[in-house]
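These are the residues of each chain, in order.
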Amino acid sequence: RHRTLCRRLVVWWGGRGMFANLLNAVKRRDRFTLEELRRLNDVVARTTTVTTANRDALVETFREIAELMIWGDQNEPSFFDAFVEMRTLTHFSRFINQQARHRAGHRQGQPARGGSHLTLQLLQTLSIMVQNIQLETSLFYLFSNNHVNELIECDFDFDDEEVMAYYISLLKTISLKLNPATVQFFFDYGDGVLGGNKKCSEAPDAKLASFPLFTRAVGFVEHPESMVRAAARTVVLNVFGVHDKELRRYLLKPENWALYVPRVVDRIAAAVESLDGVALVDGSSPTEISHDGERSNLVAELGDLMYHVNDLMCVPNLLDSGDKSHSHYEDEHGVASKTERELWSKFVEPTALGSLKQGDGATSSMTAALFALSRLMQACTRTTLANRLCEVLTKKKLQRGHVESRCIHRIAQVSAT
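Rules used in this analysis
- Residues numbered from 1 in each chain as written.
- Predicted model: local features only at pLDDT ≥ 70, side-chain atom pairs only at ≥ 80, totals over all residues.
- Heavy atoms only, no water.
- Helix = DSSP H or I, 4+ residues; strand = E, 2+ residues; numbered from the N terminus.
- Contact = heavy atoms within 4.5 Å.
- Areas by Shrake-Rupley, 256 points an atom, 1.4 Å probe, with all protein chains shown as cover.
- Salt bridge = Lys/Arg side-chain N within 4 Å of Asp/Glu carboxyl O.
- Buried < 20%, exposed > 50% of the residue type's maximum accessible area, 1.4 Å probe, protein only.
- Core = buried A, V, L, I, M, F, W, Y, C linked by side-chain atoms within 4.5 Å.
- Axes fitted to C-alpha atoms, helices over the stretch in contact; angles between N-to-C directions.
- Parallel < 35°, antiparallel > 145°, perpendicular 65-115°, else oblique.
- Left-handed = near helix turned anticlockwise from the far one by under 90°.
- Nonpolar A, V, L, I, M, F, W, Y, C, P; charged D, E, K, R; others polar.

Considerations on the overall build of the protein chain
When you go through the protein chain residue by residue, the secondary structure sums to 20 helices and 0 strands. Within the protein chain, residue pairs in contact and separated by at least 24 positions form 69% of the contacts whose partners lie at least 6 positions apart. Carbon and sulfur atoms form 51% of the exposed surface of the protein chain, whose accessible area is close to 21900 Å².

Looking at the pattern of salt bridges
Summed over all chains, the structure comprises 12 salt bridges. Among the salt bridges present, the one from glutamate 36 reaches arginine 39, with a minimum N-O distance of 2.8 Å. One end of the pair, glutamate 36, and the other, arginine 39, are both in helix α2 (residues 34–46), 3 residues apart, so they sit about a helical turn from each other. By relative accessible area, which is 41% here, arginine 39 ends up partly exposed.

Some remarks on the environment of phenylalanine 32
Its location among the elements puts phenylalanine 32 in the loop between α1 (2–31) and α2. Distance in space between the C-alpha atoms of phenylalanine 32 and glycine 72 is 7.9 Å, their sequence separation being 40 residues. Leaving out residues up to four positions away in the same chain, phenylalanine 32 has contacts with Glu67, Leu68, Trp71 and Phe79.

Overview of the nonpolar core
Grouped together as the largest cluster of nonpolar side chains are 108 residues, with contacts concentrated most on Phe211, Phe214, Phe240, Tyr260, Leu343 and Phe347. For this core, the leading source of residues is helix α14 (residues 261–275), giving 8 residues.

Here we look at the packing of helix α17 (residues 335–357) against helix α19 (residues 383–394)
A packed helix pair is summarised by two numbers, namely the angle formed by the two axes and the spacing between the axes. Put simply, α17 and α19 touch, their axes get as near as 12 Å, and they point 25 degrees apart. Relative to α19, the element α17 lies roughly parallel. In this structure, α17 meets α19 at a crossing whose hand is right-handed. Residues Glu340, Leu343, Trp344, Val348, Leu353 and Leu356 of α17 form the contact with α19, whose participating residues are Thr384, Leu385, Arg388, Leu389, Val392 and Leu393. Taken together, the residues of the contact of α17 with α19 sort by class into 9 nonpolar, 1 polar and 2 charged.

Okay, here's the thing in structure tokens:
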């Protein structure tokens, strides 16, 4: 009797579990409706302040909103109509700004309120939505009304590693969606209007323009975390790659150019000079075990920077193939040419080649200089820079468009000696 009762209980609980799973499946299927989306929006709209009591519920609500929006993008376009109609993004901005004000008040001695988890969820939710939305019209809805730009400019607690990681991930995700159509939602052409409501040719002087996505990203190029630095470089590279003449003019203006490319070149020179402080290829023994890790980090950072600069030198010009009137000007003053000149004048000539002479002007050892040149030649795909460097090292004039492969191979071998 005891065994029979046990078997009946197992069957009863198992059947009950199966029935519960069926009910959950129905609930999950019914959850993807406009009514559910409106209900979730009402929950957010009725919440005026984030507290420790309602924080977890809000986190879950925003997570479900993101799930419904991604499903709607792929299955029911009317979801985004409702999303815009209900102005759901305004609630994102409201809670983000609320948390920023509370953080500022906490710095001034006022008591802090619970909400860091909500900040993380909002950043993650927006990043997931931007990454997974496929329809361009849906992206337009998401980027409109300047709400995302306001989030980009918000004063987050970047000392919090999780906040920093989610924030830089959001910037990177947005940058991957940039094109001549979507960039208008982030780049203010100077007339104070976002969203492409005014043609570029009608905009005032580009020096009045602003681009928070770019200026925020360049602020992290020297961040101590390598993941943050790499993401910031990706954002900037994607920005430079957008085919928009007004944006390109803005980026090439001296005050904006100085925010990024010269600083990257300076980091390359600093990394090479730092290599002298660790054992490299000269056979000396490191005095501390930590030098091995320091050396690996420096070499990895130097390689990343070299490849990144090469990517900048590969940014194409914006002129159409049939437009020859300003082709020479574009070749001389485009992103690729300016980057090459910056690299040559601030690193190759003074630091690398200058150190090979080992005179009073040498800033690093000959070993470190040759090692850096080998890394540069391994990463470089720009013919003009490779030719110029080979001509200096071999004192041999090369034909236009020809790269002395033996010279490059010889330099590259230095790192293995």
